[in-house]
Amino acid sequence: MCGRFAVTLPQDAMAQLFEARPANDLPDVPNFNVCPTNAVHVVHNRGEGRDLVSMRWGFIPHWYKSLTDGPLLINARSETIAEKPAFRAACRERRCLIPATGFYEWTKDDEGKRLPWYIYPADEQPLVFAGVWQDWERDGERHRTCAIVTCKANPTMSQIHARMPVVLTADQWAIWLGENGHGAARLMTAAPDDFLEFYRVDPAVNSNRAKGPELITPIEV
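Only a predicted model underlies this, so the values are computations on that prediction, with no experimental measurement involved.

(A) View of the nonpolar core. If you look at the biggest cluster of nonpolar residues, it comprises 64 residues, and the most contacted ones within it are Phe5, Phe87, Leu97, Phe103, Phe129 and Trp176. Beyond its immediate sequence surroundings of up to four residues, Leu97 is in contact with Phe18, His41, Val42, Val43, Val128, Phe129, Leu168, Trp173, Trp176 and Leu177.

(B) Quick peek at the side chain of Arg4. With respect to the element layout, Arg4 can be found in the segment before β1 (5-7). From its side chain, Arg4 meets the backbone oxygen of Val205 in a polar contact 2.6 Å long.

(C) Region of interest: the packing of aromatic side chains. In the structure shown here, the tally under the stated rule is eleven aromatic pairs. Ring centres of Phe5 and Phe129 lie 5.8 Å apart, and the angle between their planes is 85 degrees; this geometry places the pair in the edge-to-face category. Here the residue Phe5 occupies a position in strand β1, and Phe129 occupies one in strand β10 (residues 127-138), the gap between them amounting to 124 residues. According to the relative accessible area criterion, Phe5 is buried, its value standing at 2%. Overall, Phe129 belongs to the buried group, its relative accessible area being 0%. Measuring from centroid to centroid gives 5.9 Å for Phe103 and Phe129, while their planes differ by 75 degrees, and the two rings are edge-to-face. Residue Phe103 is found in strand β8 (residues 102-108), and its partner Phe129 is found in strand β10; the two are separated by 26 residues along the sequence. Look at Phe103 and you get buried, because its relative accessible area is 0%. Pairwise contacts between aromatic rings join Tyr104, Trp106, Tyr118, Tyr120 and Tyr199 into one cluster. Taking NZ or CZ as reference, Arg95 lies 5.4 Å from the ring centre of Trp176, over its face.

(D) Structural view of the pattern of salt bridges. Counted by the stated rule, this structure contains eight salt bridges. With a closest N to O distance of 3.9 Å, Glu93 and Arg92 form a salt bridge. You can call Glu93 exposed: its relative accessible area is 54%. Residue Arg92 is classed as exposed on the basis of its relative accessible area of 55%. The closest approach of N and O atoms between Lys113 and Glu111, which form a salt bridge, is 3.5 Å. Judged by its relative accessible area of 64%, Glu111 is exposed. Look at the salt bridges and you will find they share partners, linking Arg92, Glu93 and Arg94 into a network.

(E) Geometry of a negative patch on the surface. A surface patch of negative charge is lined by Asp123, Glu124, Asp193, Asp194 and Glu197. Mapped onto the elements of the fold, Asp123 is located in the loop between β9 (114-121) and β10. Taking relative accessible area as the criterion, Asp123 reaches 47% and is therefore assigned partly exposed.

(F) Broad picture of the state of the cysteines. Tallying each qualifying case throughout the model produces zero disulfides. For Cys35, which is in no disulfide, the shortest distance to another cysteine sulfur is to Cys2 and amounts to 11 Å. No disulfide involves Cys146; its sulfur sits 5.6 Å from that of Cys96, the nearest cysteine.

(G) Main features of the sheet that holds β9. Sheet architecture is open: five strands sit in the order β3-β1-β8-β9-β13, paired in antiparallel fashion. In this open sheet, the two edge strands, each paired with only one partner strand, are β3 (31-34) and β13 (196-200). Taking the axes of each pair of neighbouring strands and ignoring which way they run, one obtains an average angle of 30 degrees across the sheet. Pairing geometry for β8 and β9, over six bridges, is antiparallel. Paired with Trp106 across the bridge in β9 is Pro116.

Basis of the calculations
Each chain carries its own residue numbering, running from 1 in the written order of its sequence. At least 70 in pLDDT is required for a residue's local features to be given in this predicted model, at least 80 for side-chain atom pairs to be given and counted, and no such filter applies to totals for whole chains, interfaces and linings, which use all residues. Based on all heavy atoms of the structure, the side-chain values leave hydrogens and waters out of the count. Joining through side-chain atoms within 4.5 Å is the link that ties buried Ala, Val, Leu, Ile, Met, Phe, Trp, Tyr and Cys residues into a set, and such a set is a nonpolar core. When a residue's accessible area, from a 1.4 Å probe over protein chains only, is under 20% of the maximum for its type it is buried; when over 50% it is exposed; and in between it is partly exposed. Throughout, a residue-residue contact means that at least one pair of heavy atoms, one from each residue, lies within 4.5 Å. What counts as a helix is a DSSP run of H or I of at least four residues, what counts as a strand is a run of E of at least two, and both are numbered from the N terminus. Polar contact criterion, stated in full: a pair of N or O atoms within 3.5 Å, where within protein one must be able to donate a hydrogen and the other to accept it, and residues adjacent in sequence count only if both atoms are side-chain atoms. In this scheme Phe, Tyr and Trp rings, the latter by its six-membered ring, pair at centre separations within 6.5 Å, and the angle between planes marks the pair as stacked below 30 degrees, edge-to-face above 60, and tilted otherwise. A ring has a charge above it when a Lys NZ or an Arg CZ is no more than 6 Å from the ring centre and no more than 35 degrees off the ring normal. Any Lys or Arg side-chain nitrogen found within 4 Å of a carboxyl oxygen on Asp or Glu counts as a salt bridge. Like charges within 9 Å and nonpolar side chains (Val, Leu, Ile, Met, Phe, Trp, Tyr) within 5 Å are joined into patches, using only residues over 30% in relative accessible area that form no salt bridge. Calculation of accessible area relied on Shrake-Rupley with a 1.4 Å probe; when residues are assessed, cover is drawn exclusively from the protein chains displayed. We treat Lys and Arg as the positive residues and Asp and Glu as the negative residues; His and chain ends play no part in the count. Lysine's charge is taken at NZ, arginine's at CZ, aspartate's at CG and glutamate's at CD. Defined by distance alone, a disulfide is two cysteine sulfur atoms within 2.5 Å. Two strands form a pair only when DSSP identifies at least two bridges running between them. Orientation is described by lines fitted to C-alpha atoms, with helices fitted over the stretch in contact, and by angles between N-to-C directions that extend from 0 to 180 degrees.

Structure, rendered in structure tokens:
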């Protein structure tokens, strides 16, 4: 899965990278501890070019009567996304890109303590997760929400977790966004084994209130 990530790329650099129009209400950057229900940066194309917008991380199906009417859907499994009622329409019609700098995953030691790892691209370029989005509205309350698509981990990542986000390269963005024909389903695979690297970081990141660049500083183990 992917339950926390960091984003440090400035907003104007994001807009330039994706050739997207930036909204006025984008989340603050840098953020070294993006958590579920936070506002995140999302790129989508609704037929008039790319927009860089803010969305709530945590996909809300249209039948939820409130934000907490069911499980918090921060991830969508690639193996079932086209079949699950919550995601199947979004998988066809509302795919998006979610930029990041790196993300966190956890293992446990012999005593059951959670040990955080920071995962980032080996070439230190921005990460781009495959995502899906959904508008939700009920009783005058409206949210634009999203989820990160995940897949079975590659051998490198499987050392710390069984799953990983679907990571898209620049030549795949247009296909995922529906701008360049079909083939999005074929993109929902693990990144090459040497694409990501990781190291241990301080357990301070275990708290969703933790902030600051020290969260991605390597520690000796």
